[in-house]
Amino acid sequence: MTKRPIDIVKERLNTVPVNVEAILRALDVEVRKDAILGEDISGEIRRNGERYVISTSGDEHAFRQRFTLAHELGHFVLHKSLIGTGLDDSKMYRSTEAGDFYNTEIKLAHERQANSFAAKVLMPKHLLKKKIDELSQSESKPDVSELCNLFQVSYSAMKWRLVNLGWAQQVEGIN
Ligand SMILES: [Zn+2]
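This write-up is about the structure you can find in this document.

Rules and cut-offs
Residues numbered from 1 in each chain as written. Predicted model: local features only at pLDDT ≥ 70, side-chain atom pairs only at ≥ 80, totals over all residues. Heavy atoms only, no water. Helix = DSSP H or I, 4+ residues; strand = E, 2+ residues; numbered from the N terminus. Polar contact = N/O pair within 3.5 Å; in protein donor to acceptor, adjacent residues only side chain to side chain. Contact = heavy atoms within 4.5 Å. Buried < 20%, exposed > 50% of the residue type's maximum accessible area, 1.4 Å probe, protein only. Pairing = 2+ DSSP bridges. Salt bridge = Lys/Arg side-chain N within 4 Å of Asp/Glu carboxyl O. Donors = N, O, S within 2.8 Å, 3.2 Å for Na, K, Ca; no water. Axes fitted to C-alpha atoms, helices over the stretch in contact; angles between N-to-C directions. Arc of directions from axis to C-beta. Core = buried A, V, L, I, M, F, W, Y, C linked by side-chain atoms within 4.5 Å. Domains from an automatic or database assignment.

**Side note on the side chain of Lys-131**
Here is step 1 of the chain: With respect to the helices, strands and loops of the structure, Lys-131 is situated in helix 6 (residues 125-138).
Here is step 2 of the chain: Engagement of the side chain of Lys-131 in a polar contact is seen with the side chain of Glu-134, the distance being 3.3 Å.
Here is step 3 of the chain: Discounting residues that sit within four places of it in the chain, Lys-131 has contacts with Val-16, Leu-147, Leu-150 and Phe-151.

**Quick notes on the pairing of strand 3 (residues 51-57)**
Here is step 1 of the chain: Here strand 3 lies mainly inside the structure; six of its seven residues are buried.
Here is step 2 of the chain: Inspection of the sheet shows strand 1 (residues 29-35) paired to strand 3 by five bridges, in the parallel sense. Within strand 3, the residue paired with Val-29 across the bridge is Tyr-52.
Here is step 3 of the chain: For strand 2 (residues 41-48) and strand 3, the ladder comprises six bridges, and the chain directions are antiparallel. Counted as the bridge partner of Arg-46 is Val-53 from strand 3.

**A closer look at the pattern of salt bridges**
Here is step 1 of the chain: For the structure shown, the criterion picks out 13 salt bridges.
Here is step 2 of the chain: By sharing partners, the salt bridges in this structure join Asp-28, Glu-30, Arg-32 and Arg-51 into a single network.

**Some details on the coordination of the zinc ion**
Each angle at a metal carrying four tetrahedral donors should ideally be 109.5 degrees, and each at a metal carrying six octahedral donors should ideally be 90 or 180 degrees.
Here is step 1 of the chain: Distances from the zinc ion to its protein donors, His-71 (NE2), His-75 (NE2), Asp-89 (OD), Asp-89 (OD) and Glu-111 (OE), fall at 2.0 to 2.6 Å.
Here is step 2 of the chain: The sequence pattern formed by the donor residues of the zinc ion is H-x3-H-x13-D-x21-E. Taken together, the residues span a long stretch of sequence, with His-75 in helix 3 (residues 62-78) and Asp-89 in strand 4 (residues 86-90) at a distance of 14 residues. In terms of burial, His-75 and Asp-89 fall into one category: buried.

**A short note on the sheet that holds strand 1**
Here is step 1 of the chain: As summarised here, the arrangement of the four strands in space is 1-3-2-4, forming an open sheet in which the pairing is mixed. For this open sheet the edge positions go to strand 1 and strand 4, each flanked by a neighbour on one side alone. Strand-to-strand, the axes of this sheet are offset by a mean angle of 15 degrees, without reference to chain direction.
Here is step 2 of the chain: As paired elements, strand 2 and strand 4 share five bridges and run antiparallel to each other. Across the sheet, the residue bridging to Ile-45 is Leu-87, located in strand 4.
Here is step 3 of the chain: Sheet strands touched by helix 3: strand 1, strand 2, strand 3 and strand 4. Its angle to strand 3, the strand with the most contacts, is close to 150 degrees.

**Description of helix 7 (residues 144-151)**
Here is step 1 of the chain: Buried within helix 7 we find Val-144, Leu-147, Cys-148 and Phe-151. Taken around the axis of helix 7, the buried residues stretch over an arc of 105 degrees, which confines them to a single face.
Here is step 2 of the chain: Those residues of helix 7 that are buried lie in contact with helix 3, helix 5 (108-122), helix 6 and helix 8 (155-165).

**Quick notes on the nonpolar core**
Looking at soluble globular proteins, one finds that nonpolar side chains tend to be buried together.
Here is step 1 of the chain: One finds Val-9, Leu-73, Met-123, Leu-128, Leu-147, Met-158 and Leu-162 to be the most contacted residues of the largest nonpolar core, which totals 43 residues.
Here is step 2 of the chain: Those elements giving two or more residues to this core turn out to be helix 1 (5-10), helix 2 (20-26), strand 3, helix 3, helix 5, helix 6, helix 7 and helix 8.
Here is step 3 of the chain: Lining this core are residues from two domains, each supplying at least three of them: domain 1 (5-122) and domain 2 (125-170).
Here is step 4 of the chain: Once residues lying within four places of it in the same chain are set aside, the contact partners of Val-9 are Ile-23, Leu-27, Leu-73, Val-77, Phe-117 and Val-121.

**Examining the environment of Val-18**
Here is step 1 of the chain: Tracing the backbone shows Val-18 in the loop between helix 1 and helix 2.
Here is step 2 of the chain: Sequence spacing of Val-18 and Met-123 is 105 residues, and the spatial spacing of their C-alpha atoms is 7.8 Å.

**What to know about the environment of Tyr-93**
Here is step 1 of the chain: You can see Tyr-93 is positioned in the loop between strand 4 and helix 5.
Here is step 2 of the chain: Taking the relative accessible area as the measure of exposure, Tyr-93 reaches 5% and is therefore buried.
Here is step 3 of the chain: With 21 residues separating them in the primary sequence, Tyr-93 and Ala-114 have C-alpha atoms 9.0 Å apart.
Here is step 4 of the chain: Contact partners of Tyr-93, with chain neighbours within four places excluded, come to Ser-42, Arg-64, Phe-67, Thr-68, His-71, Glu-111 and Asn-115.

Have a look at this one:
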């Protein structure tokens, strides 16, 4: 029995930082980081024959490109039937007229699902809890910047993950 893509993702959520590129390789998705995309475009996923290719903008910080990879992974896992020939995401993670595609099948609700998926992939609840617990043993409260560096995500991504989990009070530096 072939594994479902979501199970291939879940079984690889076991390292800090999570290796998103290894997950994409396991799903036979090609990754092109530091790509030259349209001015307002953070990332895209396009179909290339039987395979899919995800590109992220070289104009953006490595942590931001990681989030974009995970966001596009979310579209691949959750919305594959809506991708068609491709879709691109603006800096706000919306499908717009900017870029090579204007995929109107992808709605705001899908973008929110992809963002939520990306946060869960990059900051798995069990790994985040483990790191907060470990850091709390040597200091009163870990600083949010330590968690950002460990998980290789931006401050805003970590902040929203902690707020959504109800854990913002367990770390210093959330405002
Ligand atoms: Zn998107």
